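Structure assessment
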Amino acid sequence: MTRHLSRRVVTVLVAAGMWAATSGVATAEQPPSTTPPHDPRIAGSAQRLAIRVAPCDPNGPSGTDRTMADQLNPQLRNKLAGHMDAYRVSCARAIVQQVRAGGYNQKAAAILIAAAIVESSLNNYDEAVDHDSLGLFQMRKSLWCPSDSQGCVNPARAVDWFLNTMERNAPAWNDMPIGEVCWRVEQPREDLRGLYAIEANDAVVIANALWSGAGSALKHPYASGRVVSGRSADGRLETFVAGADGVYHSWQLAVNGDWSGWRNEGGPRNAQLAVASNADGRLELFALSDSTFDHMWQTAPSGTWSGWENFGGGGYRVAAGTNADGRIEVMASNSTGVFHRWQTAQSGGWGNWEGTFGGPPNSRLAMENAPDGRLEVFALSDTTFGHLWQTGVNGGWSAWENFGGGGHDVAVSHNQDGRLEVFASSSSGVFHKWQTSPTAWSGWEGTDGITNAELVTSRSVDGRVEVFAINETTASHTWQTRPNAPYSAWETFGTGGSEIGASNNADGRIEVFGTNSTGVHHKWQTGFSTWSEWAWLNGSGPGVR
C-alpha cells in the first residue's frame, strides 16, 4: 500500500562545497552506457572489480543488509536478479532513508531505485564510468559537482538532487509510470527510454522491502507467553521460559550467535511472561503467576540482571508494550477484568495499578503499536474478544470495544505500511482480522489453520508478517507472500508442543522457540524461505506442559 505523503521540493544549494546550479538534467549528449563495464551479469569481470566505489553507509553494509540481499535475490527478475549483495542493499537503504526523510512515499523510493539500477547497478561509483559521471545516478561531475568531487557520491545529496529535479521535470510523478519519471529526470537518448520501465517492478520490490526499517523509531512489543525473547541493546537475544520451579534464562553469547546454558533465575513458578525494552535499551521482564506478580531488569544496557521485585498481585495473563515516548506500559488480566500500570518517566519508576473499566475476565492479552505510536490492546477470553486503544499518543485509553467472539489464543502484528493484523485461534482453526484504515477493520476471515493453537507472530526482514501456531499434535506456519499482502497456505513446521514464541536476530532472521514437556527447542531462518531443523536451545531447559 502506497502512502501519499507531502511532495516536498528539495532545494539544491548553490554555494561553495555544494552542487553548482545548472539546467537540472542530463542532456542527450550524455547518455548512460547500454552495456556498461560494471554490468553485474559479467561475473568476475576484471573491469567491474577495477571500478572504485564509495560507501553508501559510512559504517559499511550491516548484517541485516546481508540478510536482506539473500531474501531479495529470489524475488528479483531483471538486471540485479541473483546479484544483490550487502553493499547494493546498503546503497538502496541509503536512498530509501533519504527519500523518507524528505517526506516522500514508497513510490518515490522505487523511482529512485529504478534509476540507480539502470545508471549504476546500485553502485556508488567514485570514479568515472561514462564520461565524468559519478555516483548512484551517474551525475556529471563537470555539471553537478565541479567544486566538490564528493558531492556526486554523497547518497543523501544525490537523492535530494534527483527529488528536486523530479519535482521540476515530472510534477505529476505520483500518477505517472515509474519508468517515465526516471526518463524525465535522467533524460538519456530516446532509444534508451525503456530501460527504466524494465527495472520498475524490481525497484518496487526493493523499496517495499526496505521501507519498514527506514524511519520508524517505535519499539514494537515482543510477544508474551510462557516463552519470550527480547533483544538486548547490543543485538543479542535473551530468552526466558516459565518452568515449574521458576523462570529459566538463556542468552546469545554473540550477536546472531550461539546460546548460553540455561540458568534458573527463580521468581514465580509456572508464570506467564512478558519482556519489554526501556528507553535506555535495558530489557525488563515481567512474570505473573496466579498468586504473585514480579519483575526484574537489566542493571545496564546489555548488562546483568537485577533480583526480583514485587510488581503486584496474582492474575491470569500479562502483556507489555512501549509508548511512543519510550515509557513501558503493562497490562494484566484476572478474574475481574484487565488492569494496567505504566512508567511515569522513561526508564523510570511506576505508577499504581489502575483498572481499564472492564475488559474480558481471565483474557489472553496482546499489544501492538498503531502507525502513530498509540498502543492498542486485544483481550480474548473463552467467550468474549475485547479491543482497547489509546485515544492519543502516550495518552489515555478508550472504552472497551467488542471485537468478536471467544477463542483460545490471540496474537497481533503490524503490516509494513503500519496497519495492524490480529490472529485468533479457536476450536475451528485460526482466523484473522486487519485494519483497512487507521480507524476501520475488516471482518473476521478464516485461514484454515490448526485448531486450539498457541499463536505467535514475527516479521521477516522485508516487513512480511509470519504466523506460527502450535497445538498438542503439530506446529504450523503461514506468511505473507509479499509485504502488506495475503497469506500463503499453512505449512507444517514441526510436531506438537505446549507453547511457541518468536523474535528477530540482529540481522533480521526470525528465531522461533517451541516448548513441550521435555524442554525447549528452537528453529531459525537460514535464508529468505529456508529454515534450520528444530534443535535443543543449548540443552533441554525446563519442560513446559
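Model, not experiment: these values are computed from the prediction.

Before going further, it helps to spend a moment on the state of the cysteines. Using the criterion set out here, one finds 1 disulfide in the structure. Covalently, C56 is tied to C91 through a disulfide, its sulfur atoms 2.0 Å apart. Here C56 and C91 share a disulfide; its torsion about the S-S bond, 85°, makes the bridge right-handed. One end of the pair, C56, is in the loop between α1 (46-50) and α2 (63-72); the other, C91, is in helix α3 (residues 86-101), and 35 residues separate them in sequence.

This brings us to the packing of aromatic side chains. Across all of its chains, the model carries 22 aromatic pairs by this definition. With a centroid separation of 5.7 Å and 80° between ring planes, the pair formed by F468 and W531 is classed as edge-to-face. One end of the pair, F468, is in strand β25 (residues 465-470); the other, W531, is in the loop between β30 (519-524) and β31 (535-536), and 63 residues separate them in sequence. With respect to burial, F468 and W531 carry one shared label: buried. Lying across the ring of F311, R341 places its NZ or CZ 4.4 Å from the centre. Residue placement shows K523 over the ring face of F493; its charged tip is 4.2 Å from the ring centre.

A positive phi angle is found at N362, which is not glycine, with a value near 45°. Its location among the elements puts N362 in the loop between β14 (354-355) and β15 (364-369). Notably, N394 is not glycine yet its phi reads approximately 65°, a positive angle. For N394, a relative accessible area of 27% translates into the label partly exposed.

Time to look at α2. Within α2, the full set of buried residues consists of D65, T67, M68, A69, Q71 and L72. At its buried positions, α2 is contacted by α3 and α8 (195-211).

With 6 of 6 residues buried, β25 lies mostly within the body of the structure. Here 5 bridges tie β25 to strand β26 (residues 474-479), and the two strands are oriented antiparallel to one another. Residue pairing for β26: I470 is matched across the bridge by A475. Linking two consecutive strands that pair antiparallel, namely β25 and β26, is a turn of 3 residues.

Let us now look at the nonpolar core. Counting residues in hydrophobic clusters, the biggest one holds 58 residues, and the most contacted among them are I95, F137, M166 and I206. Mapped by element, the contributors of at least two residues to this core are α2, α3, α4 (106-120), α6 (155-169), α7 (178-186) and α8. At 11 residues, the largest contribution of residues to this core is made by α4. Beyond its immediate sequence surroundings of up to four residues, I95 is in contact with A109, L112, I113, A116, L122, L136, F137 and V159.

Further remarks concern the pattern of salt bridges. This model, assessed by the stated rule, comprises 22 salt bridges. With a closest N to O distance of 4.0 Å, R52 and E127 form a salt bridge. In this pair, R52 is assigned in the loop between α1 and α2 and E127 in the loop between α4 and β1 (133-134), connecting sequence segments 75 residues apart. R52 sits in the partly exposed class, given a relative accessible area of 47%. A relative accessible area of 26% places E127 in the partly exposed class.

Tracing the sequence through the fold places Q480 in the loop between β26 and β27 (491-495). Of note is the side chain of Q480, whose polar atom sits 2.8 Å from the backbone nitrogen of V465. Residues in contact with Q480, not counting those within four places in the same chain, are N415, E421, G463, R464, V465, A485, P486 and Y487.

Strands sit in the order β24-β25-β26-β27 across an open sheet of 4 strands; the sheet is antiparallel. Of all the strands in the sheet, the pair left with one neighbour each is β24 (454-459) and β27. Strand after strand, the sheet turns through a mean of 25° between neighbouring axes, direction not considered. Pairing analysis gives 6 bridges linking β24 to β25, with the strands arranged antiparallel. Paired with E454 across the two strands is I470, which belongs to β25.

If you trace the backbone, S363 turns up in the loop between β14 and β15. In this structure S363 touches Y316, R317, S333, V338, A379, L380 and S381, once residues within four positions along its chain are discounted.

Attention now goes to the environment of S517. Relative to the helices and strands, S517 resides in the loop between β29 (510-516) and β30. For S517, a relative accessible area of 44% gives the class partly exposed. Residues S517 and R545 lie 28 residues apart in sequence; the distance between their C-alpha atoms is 5.1 Å. Apart from residues lying up to four places away in sequence, S517 is in contact with G543, V544 and R545.

What counts, and where the lines are drawn
Residues numbered from 1 in each chain as written. Predicted model: local features only at pLDDT ≥ 70, side-chain atom pairs only at ≥ 80, totals over all residues. Heavy atoms only, no water. Disulfide = S-S within 2.5 Å. Helix = DSSP H or I, 4+ residues; strand = E, 2+ residues; numbered from the N terminus. Phe/Tyr/Trp six-rings, centres within 6.5 Å; stacked < 30°, edge-to-face > 60°. Buried < 20%, exposed > 50% of the residue type's maximum accessible area, 1.4 Å probe, protein only. Lys NZ or Arg CZ within 6 Å of the ring centre and 35° of its normal. Contact = heavy atoms within 4.5 Å. Pairing = 2+ DSSP bridges. Core = buried A, V, L, I, M, F, W, Y, C linked by side-chain atoms within 4.5 Å. Salt bridge = Lys/Arg side-chain N within 4 Å of Asp/Glu carboxyl O. Polar contact = N/O pair within 3.5 Å; in protein donor to acceptor, adjacent residues only side chain to side chain. Axes fitted to C-alpha atoms, helices over the stretch in contact; angles between N-to-C directions.

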